[in-house]
Amino acid sequence: MDPREVPTEVIERARAEGRTALTAPEGRLLCEAYGIATPREGLAGSAGEAAELAERIGLPVVLKVVSPDILHKTDAGGVLVGLRTAEEVRRGYDTILANARAHDPGARIDGVQVQQLVGGGHEVIVGAVTDPTFGKVVAFGLGGVLVEVLKDVTFRLAPVSGDDALGMLDDIRAAEVLRGARGAEPADREALAGLIERVGRLVTDHPEIVEVDLNPVFADARGAVAADVRIIVGERPAEVPRLPREEILRQMTRLFRPRSVAVIGASAESGKIGNSVMRNLIDGGYRGTIHPVNPRAEEIMGLPAYKSVADVPGEVDVAVFAIPAKLVAAALEEAGQKGVAGAVMIPSGFAETGNAEGQREIVEIARRHGVRVLGPNIYGYYYIPENLCATFCTPYDVRGSVALTSQSGGIGMAILGFSRTTRMGVSAIVGVGNKADVDEDDLLTFFEQDDNTRAVAMHLEDLKDGRGFVEAARRVVREKPVIVLKAGRTAMGARAAGSHTGALAGDDKVYDDILRQAGVVRAPGLNDMLEYARALPLLPAPRGENVVIITGAGGSGVLLSDACVDAGLTLMDIPPDLDAAFRAHIPPFGAAGNPIDITGGEPPATYGSTIRLGLADERIHALVLGYWHTIVTPPMVFARLVARVVAEEREKGNVKPVVASLAGDTEVEEACAYLFEHGVVAYPYTTEKPVAVLGAKYRWARAAGLLR
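Residues numbered from 1 in each chain as written. Predicted model: local features only at pLDDT ≥ 70, side-chain atom pairs only at ≥ 80, totals over all residues. Heavy atoms only, no water.

Caption draft 1: Inspection of the overall build of the protein chain at higher detail. When you go through the protein chain residue by residue, the secondary structure sums to 24 helices and 30 strands. The C-alpha extent of the protein chain, read off along each of the three principal axes, is 95 × 80 × 40 Å. Taken across its 708 residues, the protein chain has 56% of its residues classed as buried. Total accessible area on the protein chain stands at roughly 28,400 Å², and carbon and sulfur atoms take up 51% of it. Of the charged side chains in the protein chain, 75 are positive and 94 negative; the average position of the first set lies 2 Å away from that of the second. (Helix = DSSP H or I, 4+ residues; strand = E, 2+ residues; numbered from the N terminus. Buried < 20%, exposed > 50% of the residue type's maximum accessible area, 1.4 Å probe, protein only. Areas by Shrake-Rupley, 256 points an atom, 1.4 Å probe, with all protein chains shown as cover. Lys, Arg positive; Asp, Glu negative; His and termini not counted. Charge placed at Lys NZ, Arg CZ, Asp CG, Glu CD.)

Right under this line is the structure:
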């Protein structure tokens, strides 16, 4: 028999009875079908039957009330543990029934579960929840009565592969405990990973399962047994419709490389949004045809104006809407009939103001005609390779290789200012606003194959289709870093739920773990996202984990070491021969090891020789440089020296990421700018920022499978 048939029958019976919670015996049937180990047990309908079952199973035992109306058995006094004699079991049976009736006089009681007492080893929790963004998500962490206090748990998308399941064991704070820390018996990792995989298959095969809670699971060197099973069922969730990747790419290509753009609501009046959009398109040097649409104008800015987009001759790839929200639906209907591919919706006044119905209306119109909608409630978008500046905001034309997206107009403008000030340059800046249609996974599909884009950075407040995002991000990450700033990480907390697993699944924790599973680099703040976007394309990918610090100041070396640990980097244990090689270049009162302290009074040659050695030795995979301002080696002397040595070694094939922390007077600012221009990521007055950037590069390299 297909193992999925038994759970289907059990779930359908529960739903037919109007129940959302399965009883413990029903939960055990589902576990048996999927090979999830549970203790020996039986259902007793009387005190005498309970005693007989206990002796047959083997004392001591646990008694649990079985009632579809009592979800939290312990709170109802419906659990007794460690009953050692038949008489204790008889009395316990009566006690549990009395407690249950006192807790809920109307509850249906099917009997009392008599269960083998298991214990020892480690108490963990394995479960699954239905997340509104990501769908079925599997959880693993420390279990037992303190599970919601400790909250040491991690999440992955279901189903979970073997490697991901094993990774979950290492992803909790108590990972060392499971490995057998302080002489404790280690847990069977393969058994635990197998249990996680089985729970993932169960909820994937049966999407009407809302939550699974196996807590506690007793894990030791012999295996893993789920002592308590709680399963909640509901309606089968609707499937999220997704377009084929090729179709998305075709649509996004017309959006980013349009041959013609119509501006609906174009205006000759300065200060109007339609005027700003027209001026940006014209002054930005857009290469295609611009069609102003305004029923009360004959021409705008020297271009013939049309009363409707329907009157525009030839095809229109993109229509930028710069009209009030109340006029959008009718104009979009005309654009759809015209065959417009992309509608860029600048107007506000839709879901963000409570007008959800108005937003649904434009989505329905767009889908009926095959129009992709960007927005509404956005500042527009920029695609610099096409000189496309379809926005009412500041014009921008600084070319670079980073594509940035944001849900917020304010964040979009911060991106503009940062990229101009730092001379980072961009390939694209895209506002997504309400994401009525086009969202991050659509944009990733385009940027994945865009030769003008080497990294993607995204500010988001939510994901409309979490699984679609993960699928697209995993593809992009193989070749390009994807950086995410997720806003709202502290706002929601844990949702009310019917199980421990559900209560633990706070929104941000799920986001954090699954974004990491997707291989994206999560930025803790706005400046971090922008600095990662600026720096990651400059840094070569590391080929291994060995990081070496070379510093002219012992204090900086200590801080840089701390920063490396915080960033998840591995400080190399310097072997004796390499230690001797470094010592040959530094004064006797310096310090080899790692950090390598050349001391502050050394001339440029000492910096040059030690850095060159670090780049040339193939056992070293990345360098962190610490500099402090001295007259012997001034900041710009240091910067030019480092840039030259790095360039010369790269010519020889010694290509490694190098980051630097510069301390000193204001001259170090110019030195850092020079280093950035020459491919060395450098920051003044901070030891944390350059190492954080290197850590971000390492997180991407690990996700892309680039490390040996």
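Caption draft 2: The arrangement of the pattern of salt bridges in detail. On inspection of all chains with the given rule, the structure shows 51 salt bridges. Across the pair Arg-259 and Glu-315 runs a salt bridge, and its minimum N-O distance is 3.0 Å. Separated by 56 residues along the polypeptide, Arg-259 in the loop between α9 (245–256) and β11 (260–264) and Glu-315 in the loop between β14 (303–304) and β15 (318–321) bring together distant segments of the chain. The exposure class of Arg-259 is exposed, given its relative accessible area of 55%. Residues joined by salt bridges that share partners form a network here, namely Arg-13, Glu-17, Arg-19, Glu-26, Arg-108 and Asp-110. (Salt bridge = Lys/Arg side-chain N within 4 Å of Asp/Glu carboxyl O.)

Caption draft 3: The arrangement of the packing of helix α13 (residues 409–421) against helix α18 (residues 526–535) in detail. Direction vectors running N to C along α13 and α18 enclose 45°, while the axes themselves pass 11 Å from each other. For the element pair α13 / α18, the angle class is oblique. For the pair α13 and α18, the sense of crossing is right-handed. Residues Ile-411, Ala-414, Ile-415 and Phe-418 of α13 lie in contact with α18, whose contacting residues are Leu-526, Asn-527, Met-529, Leu-530, Glu-531 and Arg-534. By residue class, the composition of the contact of α13 with α18 is seven nonpolar, one polar and two charged. (Axes fitted to C-alpha atoms, helices over the stretch in contact; angles between N-to-C directions. Parallel < 35°, antiparallel > 145°, perpendicular 65-115°, else oblique. Left-handed = near helix turned anticlockwise from the far one by under 90°. Contact = heavy atoms within 4.5 Å. Nonpolar A, V, L, I, M, F, W, Y, C, P; charged D, E, K, R; others polar.)

Caption draft 4: Layout of the nonpolar core. Ranked by size, the top nonpolar core spans 108 residues in total, and within it Phe-256, Tyr-381 and Leu-404 carry the most contacts. Residues Val-10, Val-160, Ile-196 and Ile-209 belong to the second largest nonpolar core, which totals 41 residues. (Core = buried A, V, L, I, M, F, W, Y, C linked by side-chain atoms within 4.5 Å.)

Caption draft 5: Summary view of the side chain of Asp-513. As for its position among the elements, Asp-513 is in helix α17 (residues 507–518). In this structure Asp-513 comes out as buried when scored by relative accessible area, which is 0%. Residues in contact with Asp-513, not counting those within four places in the same chain, are Val-153, Thr-154, Phe-155, Arg-156 and Asp-171.

Caption draft 6: Highlighting the layout of surface pockets. One number sums up the size of the largest pocket: a volume of about 820 Å³. In terms of residue class, the lining of the largest pocket is built from 10 nonpolar, eight polar and 15 charged. (1 Å grid on protein atoms, 1.4 Å probe; cavity = no way out; pocket = protein on both sides within 12 Å on 5 of 7 lines; lining within 4 Å. Points joined across faces, edges and corners; volume = space filled by probe spheres on them.)

Caption draft 7: Structural detail: a negative patch on the surface. Taken together, the side chains of Asp-665, Glu-667, Glu-669 and Glu-670 define an acidic patch exposed on the protein surface. By the secondary structure assignment, Glu-670 is in helix α23 (residues 667–677). (Patch = residues over 30% accessible without salt bridge, like charges linked within 9 Å, V, L, I, M, F, W, Y side chains within 5 Å.)

Caption draft 8: Main features of empty space enclosed by the protein. Inspection of the entire model under this criterion finds two cavities of 30 Å³ or more. Roughly 130 Å³ of internal volume is contained in the largest cavity. Leu-22, Thr-23, Ala-24, Ile-70 and Lys-73 are the residues nearest the centre of the largest cavity, which is lined by 14 residues in total. Where the lining of the largest cavity is concerned, the elements lending two or more residues are β2 (61–66) and β10 (229–233). Top contributing element to the lining of the largest cavity by residue count: β10, with three residues. Taken together, the residues of the lining of the largest cavity break down into 10 nonpolar, two polar and two charged. As a volume, the second largest cavity reaches approximately 70 Å³. As for the second largest cavity, its lining consists of Ala-24, Arg-28, Thr-38, Pro-39, Glu-41, Lys-64, Gln-113, Gln-115, Ala-226, Ala-227, Asp-228 and Val-229.

Caption draft 9: Region of interest: α18. For α18, a buried count of seven out of 10 residues is recorded, marking the element as mostly surrounded by other parts of the structure. For α18, every residue scored as buried is listed here: Met-529, Leu-530, Glu-531, Tyr-532, Ala-533, Arg-534 and Ala-535.

Caption draft 10: Structural view of unusual backbone geometry. Residue Pro-60 is bonded to the preceding Leu-59 through a cis peptide linkage, with omega at 0°. Turning to its location among the elements, Pro-60 is positioned in the loop between α3 (47–57) and β2. Look at the link from Asn-594 to Pro-595: it is a cis peptide, with omega at 15°. Structurally, Pro-595 can be placed in the loop between α20 (576–583) and β27 (596–597). One non-glycine residue, Lys-435, lies in the positive phi region at around 55°.

Caption draft 11: Structural context of the sheet that holds strand β20 (residues 399–406). Reading across the sheet, the seven strands line up as β19-β18-β21-β20-β22-β23-β24 and stay open at both edges, with mixed pairing between neighbours. Looking along the sheet, the strands with just one partner apiece sit at the ends: β19 (388–391) and β24 (521–522). Across five bridges, strand β22 (residues 455–460) lies against strand β23 (residues 482–486) in parallel orientation. Paired with Met-458 across the strands is Val-484, a residue of β23. Packed onto the sheet, α9 meets β18 (380–383), β19 and β21 (426–431) and runs at close to 85° relative to β18. Running at roughly 170° to β22, helix α14 (residues 440–449) makes contact with β18, β20, β21, β22 and β23 of the sheet. (Pairing = 2+ DSSP bridges.)

Caption draft 12: Region of the structure containing the environment of Thr-570. Looking at where Thr-570 falls in the secondary structure, it is placed in strand β26 (residues 570–571). Placed 125 residues apart in sequence, Thr-570 and Gly-695 show a C-alpha to C-alpha distance of 10.0 Å. Residues in contact with Thr-570, not counting those within four places in the same chain, are Glu-545, Asn-546 and Val-547.

Caption draft 13: Spotlight on α20. Where α20 is concerned, the buried positions are Leu-578, Asp-579 and Phe-582. An end-on view of α20 places all buried positions within 105° of arc, on one side of the element. (Arc of directions from axis to C-beta.)

Caption draft 14: How the structure looks around the packing of aromatic side chains. Using the criterion set out here, one finds 11 aromatic pairs in the structure. Here Phe-256 and Phe-446 contribute two aromatic rings whose centre-to-centre distance is 4.5 Å and whose plane-to-plane angle is 10°, an arrangement assigned as stacked. Taken as a pair, Phe-256 in helix α9 and Phe-446 in helix α14 lie far apart in primary sequence, 190 residues in all. Both rings, one in Tyr-383 and one in Phe-446, keep their centres 5.7 Å apart while their planes meet at 75°; by these two values the pair is edge-to-face. In this pair, Tyr-383 sits in strand β18 while Phe-446 sits in helix α14, placing the two residues 63 residues apart along the sequence. We classify Tyr-383 as buried; its relative accessible area is 0%. Judged by relative accessible area, which is 0%, Phe-446 ranks as buried. Among the aromatic residues, those joined into a ring-pair cluster are Phe-256, Tyr-381, Tyr-383, Phe-446 and Phe-447. In this structure, Lys-486 packs its charged tip against the face of Tyr-511, placed 4.4 Å from the ring centre. Between Arg-534 and the ring centre of Phe-676, over which it is positioned, the NZ or CZ distance is 3.5 Å. (Phe/Tyr/Trp six-rings, centres within 6.5 Å; stacked < 30°, edge-to-face > 60°. Lys NZ or Arg CZ within 6 Å of the ring centre and 35° of its normal.)

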